[in-house]
Amino acid sequence: MTSTETNAVPPETSRPLRLLLRLLGVIERVGNKLPHPFWLFVLMAGVVIVLSAVLDAVGVFAVSPADGERVEITSLLSRDGLHVMLGEAVDNFASFPPLALIVAVMLGVAVAERSGMLTALLRRTVTRVQPKYLTFALSLAGISASVASDAAYVVLVPLGALVFKAAGRSPILGLVVAYASIAAGYDASVFITAGDVLFAGITTSAAELVEPGHVVSPLANYFFTASSAIVLALVITAVTEFVLTRRAQSIEVDGDGVDEELGSMTLSDAERKGLRNAGWVLLGIVGVVAAALIPPGSPARGEDGGVLDSAVVTGIAVVLGLTFLLTGYVYGRTTGSLTRAREIPVAMAQGVRDLAPVIVLFFAASQFIAYFKWTNMGEVVAIRGAELLDHADVPTVVMFLGMLVAASVMGVLLTSGSALWTLIAPVFVPMFLLLNVPAETTLALYRIADSGTNLISPMSPYFAMALGFLQRYRKQAGIGTLMSLTLPIALSVLTAWTLLFLVWWGIGLPLGPGAPVR
């Protein structure tokens, strides 16, 4: 991105927006100076090593509210500490909860992606919709497109421009709706996604700092996120129709866009048949699971005959991975994109290769979490922080809003949702647990903060990608152009989602199956 593109601001941009754009420019420059998240975790681990020695030397401690026992900081610069850092480094990595979970899911997702099923599903969702429902359908598809991981941006953003143009509307508006819906709704979906599995693992690791054995299920926020997907789609539709439509009309289209690709966006007969067959397989899987769980005495249920502790729910990562694998393979066999069974492990291997950056990041993150836990720094910080908030008599809603603001600001600079949650979960999750706020509730709060700033962060590679697509329709478009179109959605989504959470929490509705109400 050139400096000209970075500073380009439409002449009609208001003064408050110009000030915001300058602020975002500063954020971009500061963010570019931050190290890679891998080195950020390495640096944080180094800080824990030094602090543990200093705090141990001065005798910092806390008193556990659970049993009244004294919790002291333990130095990593000791015989036992060196064993943790060197002798247990591999175990720290191997036992990091999100690692195995995300690999298990992505093995199946890789097959579905390699077969072309996920791409075809996104195209199918928005190309067969009546014009009056187009904005809502595109928005809901974008919000739920996180099931296709980052491929959603590559497929749905240009597709949004094309379907809007085909309907006689501004392609720029369709592009913005698709991009904003994916970015702002990435942590909300009507489906269970790999992100749910990843966040659950990170939250479990953080909760264990004060509640050993506490497990956060990937389904822990499902009721809330599925409902949020519908609400956010309605909000984005309203903002688009009542605000952005007028803004887009003032932006002249002077480029050819991606019109030559329109033909490729129409599903072939084989693709339609493939999706139909994959749908039958999905219904069959749902039927088998239901048949296994409904009978009261079924061996598939948990030890006490419960559904929530059944193998299906506790092993949801494997179930999800198998579902993607089977539906993807059937789609591939139908369309010819996967012709032999031997192609399945090849596709799975490609999925693991695509996970390589995440695995590298997890190695550093797992060491940081292990150090934080072994030194008792996490527990002491959580206890002291909880005591401070309790003594100050800070209302719970104010604590929630404080976390939302802090995480949102940090999210502008560190756009990897899993990296940021790994960094702050060991503080917020235990501290809120000690204040009787369930870990599942804290995770739901983080989802809002993580999504709220995604689409306006200049540090996001997908912001630059969306700008690139925009410039194919408007040659002189810059950050200011894209920001003027996405900012209303960002503010509306953050506000609406926060209000939805507060109402949900205030009523006492469960966030997901088995999740504590409060």
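Structure's up top.
Residues numbered from 1 in each chain as written. Predicted model: local features only at pLDDT ≥ 70, side-chain atom pairs only at ≥ 80, totals over all residues. Heavy atoms only, no water.

Enquirer: Honestly, the overall build of the protein chain in this entry has me stumped. Any pointers?
Expert: A count of helices and strands for the protein chain gives 23 helices and two strands. When burial is assessed residue by residue, the protein chain has 51% of its 518 residues classed as buried. Intrachain contacts of the protein chain at a sequence separation of at least 6 include 80% that bridge at least 24 residues. Accessible surface for the protein chain amounts to roughly 22600 Å². Of this, 65% is attributable to carbon and sulfur atoms. (Helix = DSSP H or I, 4+ residues; strand = E, 2+ residues; numbered from the N terminus. Buried < 20%, exposed > 50% of the residue type's maximum accessible area, 1.4 Å probe, protein only. Contact = heavy atoms within 4.5 Å. Areas by Shrake-Rupley, 256 points an atom, 1.4 Å probe, with all protein chains shown as cover.)

Enquirer: Would you explain the nonpolar core in this entry?
Expert: One broad trend across soluble globular proteins is that nonpolar side chains are buried collectively. If you look at the biggest cluster of nonpolar residues, it comprises 144 residues, and the most contacted ones within it are L156, F224, W421, F432, L455 and I489. Broken down by element, this core gets its largest block of residues, 14 residues, from helix α23 (residues 479-507). Not counting residues within four places of it along the chain, the set of residues in contact with W421 comprises F199, I202, T203, M403, P426, V429, T442, L443 and Y446. Counting residues in each nonpolar core, the second largest holds six residues, with V111, Y329, L338 and I344 among its members. (Core = buried A, V, L, I, M, F, W, Y, C linked by side-chain atoms within 4.5 Å.)

Enquirer: What should I look at first to understand the packing of helix α3 (residues 37-58) against helix α17 (residues 356-374) in this one?
Expert: Two quantities define a packed helix pair, namely the angle between the helix axes and the distance between the axes. Between α3 and α17, whose axes approach to 8 Å, the crossing angle comes to 15°. On the basis of their axis angle, the class for α3 and α17 is roughly parallel. Handedness of the crossing formed by α3 with α17: left-handed. The residues of α17 that touch α3, namely those facing P37, F38, F41, V42, M44, A45, V48 and I49, are V360, L361, A364, A365, F368, Y371 and F372. Class assignment for the residues of the contact of α3 with α17 results in 15 nonpolar, no polar and no charged. (Axes fitted to C-alpha atoms, helices over the stretch in contact; angles between N-to-C directions. Parallel < 35°, antiparallel > 145°, perpendicular 65-115°, else oblique. Left-handed = near helix turned anticlockwise from the far one by under 90°. Nonpolar A, V, L, I, M, F, W, Y, C, P; charged D, E, K, R; others polar.)

Enquirer: Looking at this structure, I do not really get unusual backbone geometry. What am I missing?
Expert: Negative phi is the rule for most residues except glycine; trans is the rule for most peptide bonds. With a phi angle near 70°, N376 is a residue other than glycine that sits in the positive phi range. Located in the positive-phi region is N436, a residue other than glycine, with phi close to 65°. Within the secondary structure, N436 is located in the loop between α20 (417-434) and α21 (439-452).

Enquirer: So what exactly am I meant to see when it comes to α23 here?
Expert: Structurally, the α-helix is built with 3.6 residues per turn, so residues lying three or four positions apart point the same way. A rise of 1.5 Å per residue sets the reference length of α23, with its 29 residues, at 42 Å; its end C-alpha atoms lie 41 Å apart and thus fit the reference within 8%. Phi for G508, located one or two positions after α23, is positive at around 90°. (Expected span 1.5 Å × (residues − 1).)

Enquirer: Looking at this structure, how should I read the pattern of salt bridges?
Expert: The full count for this structure, using the stated rule, is six salt bridges. The residue E72 makes a salt bridge to R70 at a minimum N-O spacing of 2.6 Å. According to the relative accessible area criterion, E72 is partly exposed, its value standing at 41%. (Salt bridge = Lys/Arg side-chain N within 4 Å of Asp/Glu carboxyl O.)

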